[in-house]
Amino acid sequence: MRNLQAVLLVTVPFLLAFGLVLPLVRFEKLYFFSDTPSLLGIIASLWGAENYLLATIVALVSVALPILKTVSLAVEAMGTRRKSERGFFFEHIVPQLARWSMADVLLVAIVIAAAKTSGLATAFTQPGLWFYAGSTMISGLLHILLRKEKGPN
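Overview of the structure.

Cut-offs used in this document
Position labels on residues start from 1 in each chain and follow its written sequence. Since the coordinates come from a predicted model, pLDDT governs what is reported: local features require at least 70, and pairs of side-chain atoms require 80 or more to be given and counted, while whole-chain, interface and lining totals use all residues. Computation of side-chain values covers all heavy atoms of the structure but excludes hydrogens and water. Where helices and strands are cited, they refer to DSSP runs of H or I of at least four residues and of E of at least two residues respectively, numbered from the N terminus. Note on classification: 1.4 Å probe, protein chains only; a residue is buried when its accessible area is under 20% of the maximum for its type, exposed when over 50%, partly exposed between these limits. Under this definition, polar contacts are N or O atom pairs within 3.5 Å; protein pairs additionally need one hydrogen-donor-capable and one acceptor-capable atom, and for neighbouring residues in sequence, both atoms have to be side-chain atoms. A contact between two residues is defined here by any heavy atoms of the two lying within 4.5 Å. Helix span is expected to be 1.5 Å times the residue number reduced by one. Two axes enter the definition of the bend at a residue: one is fitted to the seven residues ending there, the other to the seven starting there, and the bend is the angle between them. Axis lines are fitted to C-alpha atoms, over the contacting stretch for helices. Their N-to-C directions set the angle, which ranges from 0 to 180 degrees. Each angle is binned into one of four classes, with values under 35 degrees roughly parallel, values over 145 roughly antiparallel, values of 65 to 115 roughly perpendicular, and all other values oblique. Each helix crossing is assigned a hand: it is left-handed if the near helix lies turned anticlockwise from the far helix by less than a right angle, otherwise right-handed if that turn is clockwise. Residue polarity is assigned by list, with Asp, Glu, Lys and Arg as charged and Ala, Val, Leu, Ile, Met, Phe, Trp, Tyr, Cys and Pro as nonpolar; anything else, Gly included, falls into the polar class.

Some remarks on unusual backbone geometry
Thinking step 1. The backbone of glutamate 50 sits at a positive phi, close to 65°, despite the residue not being glycine.
Thinking step 2. Structurally, glutamate 50 is set in the loop between α2 (39-48) and α3 (52-78).

Following this line, the structure appears as structure tokens:
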């Protein structure tokens, strides 16, 4: 079980990094124009368009929180064994991070569905979305495995 946790713990940051820099979706308009934004590209585009608040929110939810969750899972995996010794952060904050993990993936799926049904553009998923979703699901699995291993006390 510890070997599986170690492999998952090493895999999550790589998947997350690829999910941040690779294109999430490809929009095609009029057969000649296409756009393939990455998550970091979307944030930079929002910042460049002076949508500072939205860029900050997307950066926090889509980049900072997943990185914080990954680091906290690594710390938890290396840390204490008993639930009573884990502290407030691991008992209350990390589970909340886990609940928000799939929000970005679902949001991109909604954007793709909206683009397809609007008729203005066609949209196709790209590798970045799958890497990001993979990092989210594997970090969730790792969270469950760590909780199960630590036990009730």
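What follows picks up the thread again.
A closer look at the side chain of threonine 70
Thinking step 1. Its location among the elements puts threonine 70 in helix α3.
Thinking step 2. On the basis of relative accessible area, threonine 70 is assigned to the buried category, the value being 12%.
Thinking step 3. A polar contact of 2.8 Å, which involves the side chain of threonine 70, links it to the backbone oxygen of proline 66.
Thinking step 4. Not counting the four nearest positions on each side in its chain, threonine 70 is found in contact with Val12, Pro13 and Leu16.

Topic: α3
Thinking step 1. Here α3 is 27 residues long and its end C-alpha atoms lie 37 Å apart, about the 39 Å a rise of 1.5 Å per residue gives.
Thinking step 2. The sharpest bend along α3 measures roughly 35° and falls at leucine 60.
Thinking step 3. Among the residues of α3, those classed as buried are Ala55, Val58, Ser62, Val63, Pro66, Lys69, Thr70, Ser72, Leu73, Glu76 and Ala77.

What to know about the packing of helix α1 (residues 2-21) against α3
Thinking step 1. One way to put it is that α1 packs onto α3 with a least axis distance of 11 Å and a crossing angle of 165°. Classified by the angle their axes make, α1 and α3 are roughly antiparallel. The way α1 lies across α3 gives a crossing that is left-handed. Taking contact as the criterion, the partners of Arg2, Leu9, Val12, Pro13, Leu16 and Leu20 in α1 are, on α3, Ser62, Val63, Pro66, Ile67, Thr70, Leu73, Ala74 and Ala77.
Thinking step 2. Here the residues of the contact of α1 with α3 are counted per class, giving 11 nonpolar, two polar and one charged.

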